[in-house]
Amino acid sequence: MSWCSRALSIGWLAAIAGVVAGLGVSTTPAKAQNYPARSITMIVPFAAGGPTDVIARIVTAHMAQTLGQSIIIENVVGAGGTTATTRAARAANDGYTLITGHMGTHAAAVPLYPKLAYHPEKDFEPVALLAGTPILILARKDFAPKDTKEFVDYIKANSEKVNAAHAGVGSVSHVSCELLNSILDVKPVGVPFNGTGPAMNALVAGQVDYMCDQIVNAVPQINAGTIKAYAIATPERNPALPNVPTTTEAGLPKFQAQAWNAIFAPKGTPPAIVAKLNAAAAKALEDEGVRKRLLELGSVIPAPADRTPEALGALVKGEVVKWSAVLKPAT
């Protein structure tokens, strides 16, 4: 082919491209319509076995059936979940990389990390709220205090000697205990782990004194008697742990805390893809098997009106404000 012929071909290609652009033709609707055409990666920002991981696996297993493609869980640990969340924020906004975030990664991290590489509201598309997860005050099974009153007295008298496990700065276990410690005006030694799963293992082994944890991670251990639960930080008792008093009943009414887990996509993910993912998540939360597993673990299943992307976006906005007010004085 001569230089002239090549130039002519290039010119025709450019002209065609210009016509297509002028007509406003885009492949995005077609991609959204055919979505998903391959497997989806769901990033979980903590180690396997923790509450976020457990909830993500329960819900996405059903979502995969609805979507007709596998959803691969990828556990990425570090920095209280912010390492994985930063990665998710920078991923392609094509619907094939998602993240199961929570109150820590998508709210509390904002005041705790001044140089946070992402912003929950600006860098993500909210997809669907999956579950609420009440917080419990837990301790190793041989910890001296017998009830919440004794726990409070003991912590106040031995603040610098006791230690509290958490899943990293900004994690739910960290920020909820920060709230508790601020109410009690104590500063115990914090012991960070790469996830709530490893932190719980240390508590079971008696290597740490206490922690504040999501109910999903605690129910099996409490029922097995490997740890003790002092109180649950909700207005009412949880059906999964009917014998555990509320913090109000236990004399600690100011400590009220419930975390949540939700699916997010990188900013700019097409609305049609977000809608398809939201519908799959909503269908999962209506499935009897999924609901049974979540409820047995003490999760609170959100009402349909709270599962929409718009509702999740409003929740994140409010949570950022709430935890900024709580945590900025402690940083």
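Residues numbered from 1 in each chain as written. Predicted model: local features only at pLDDT ≥ 70, side-chain atom pairs only at ≥ 80, totals over all residues. Heavy atoms only, no water.

Trainee: Just checking my understanding: could you explain the overall build of the protein chain for this structure?
Mentor: Along the protein chain, the regular secondary structure elements total 12 helices and 9 strands. By residue count, 52% of the 331 residues in the protein chain fall in the buried class. The contacts in the protein chain between residues at least 6 apart in sequence include a share of 78% that link residues at least 24 apart. Counting every atom, the protein chain has about 14700 Å² of accessible surface; 57% of that belongs to carbon and sulfur. (Helix = DSSP H or I, 4+ residues; strand = E, 2+ residues; numbered from the N terminus. Buried < 20%, exposed > 50% of the residue type's maximum accessible area, 1.4 Å probe, protein only. Contact = heavy atoms within 4.5 Å. Areas by Shrake-Rupley, 256 points an atom, 1.4 Å probe, with all protein chains shown as cover.)

Trainee: Help me understand the confidence of the model for the protein chain in this model?
Mentor: Confidence along the protein chain averages 91 in pLDDT terms, with 90% of residues attaining 70 or more. Within the model, the stretch residues 1-27 combines pLDDT values under 50 with 3 contacts to residues more than four positions away or in other chains. (pLDDT = per-residue confidence, 0-100.)

Trainee: Help me understand unusual backbone geometry in this model?
Mentor: Trans peptide bonds make up most of the peptide bonds, and negative phi angles are found at most residues other than glycine. Here the residue pair Tyr35 and Pro36 is connected by a cis peptide bond, since its omega of -5° sits within 30 degrees of zero. Mapped onto the elements of the fold, Pro36 is located in the loop between α2 (28-34) and β1 (40-44). Unusually for a residue other than glycine, Ala79 sits at a positive phi of about 55°. As for its position among the elements, Ala79 is in the loop between β2 (71-75) and α4 (82-89). Its identity is not glycine, yet Asp185 carries a phi of approximately 60°, on the positive side. When you line up the elements, Asp185 lands in the loop between α7 (172-184) and β6 (189-192).

Trainee: Which parts of the structure should I look at to understand the pattern of salt bridges?
Mentor: Between side chains of opposite charge, pairing is possible as soon as their charged atoms come close. Evaluated as defined, the whole model comprises 9 salt bridges. As a salt-bridge pair, Arg140 and Asp209 come within 2.9 Å of each other at their nearest N and O atoms. One end of the pair, Arg140, is in strand β4 (residues 124-140); the other, Asp209, is in the loop between α8 (196-204) and β7 (210-214), with 69 residues separating them in the sequence. With respect to class, Arg140 is no different from Asp209; both count as buried. The salt bridge involving Lys292 is made with Glu296; its shortest N-O contact spans 2.5 Å. Separated by 4 residues within a single helix, Lys292 and Glu296 lie in helix α11 (residues 288-296), roughly one turn from each other. Among the charged side chains, a network of salt bridges with common partners joins Arg140, Asp142 and Asp209. (Salt bridge = Lys/Arg side-chain N within 4 Å of Asp/Glu carboxyl O.)

Trainee: Where do I start with the state of the cysteines in this structure?
Mentor: What is meant by a disulfide is a covalent connection between two cysteines, made through their sulfur atoms. Applying the stated rule across the entire model yields 1 disulfide. What pairs with Cys177 in a disulfide is Cys212, and their sulfur atoms sit 2.3 Å apart. Judged by the torsion about the S-S bond (80°), the Cys177/Cys212 disulfide is right-handed. Remark: Cys212 occurs in strand β7 and Cys177 occurs in helix α7; sequence separation between them is 35 residues. By relative accessible area, which is 5% here, Cys177 ends up buried. The class of Cys212 is buried, set by a relative accessible area of 0%. (Disulfide = S-S within 2.5 Å.)

Trainee: Explain the environment of Gly95 to me, please; I cannot follow it from the model alone.
Mentor: For Gly95, the location among the structural elements is in the loop between α4 and β3 (97-102). As a C-alpha pair, Gly95 and Val274 span 179 residues in sequence and 7.6 Å in three-dimensional space. Once residues lying within four places of it in the same chain are set aside, the contact partners of Gly95 are Tyr35, Ile40, Thr269 and Ile273.

Trainee: How do you make sense of the packing of aromatic side chains when you look at a structure like this?
Mentor: Aromatic ring pairs are described here by two measures, namely the spacing of the ring centres and the angle between the planes. In the structure shown here, the tally under the stated rule is 8 aromatic pairs. When the centroid spacing of 5.3 Å and the interplanar angle of 75° are considered together, the rings of Phe143 and Tyr154 count as edge-to-face. Residue Phe143 is found in the loop between β4 and α6 (148-157), and its partner Tyr154 is found in helix α6; the two are separated by 11 residues along the sequence. Of the residues examined, Phe143 reaches a relative accessible area of 2% and is grouped as buried. Among the residues examined, Tyr154 registers a relative accessible area of 30% and is labelled partly exposed. With centroids separated by 5.2 Å and ring planes inclined at 80°, the aromatic side chains of Phe151 and Tyr210 adopt a geometry described as edge-to-face. Within this pair, whereas Phe151 is found in helix α6, its partner Tyr210 is found in strand β7, the two being separated by 59 residues in sequence. The same class applies to Phe151 as to Tyr210, namely buried. In textbook terms, an aromatic cluster arises when at least three aromatic residues are bridged by ring pairs, as seen for Phe143, Phe151, Tyr154, Tyr210 and Tyr230. (Phe/Tyr/Trp six-rings, centres within 6.5 Å; stacked < 30°, edge-to-face > 60°.)

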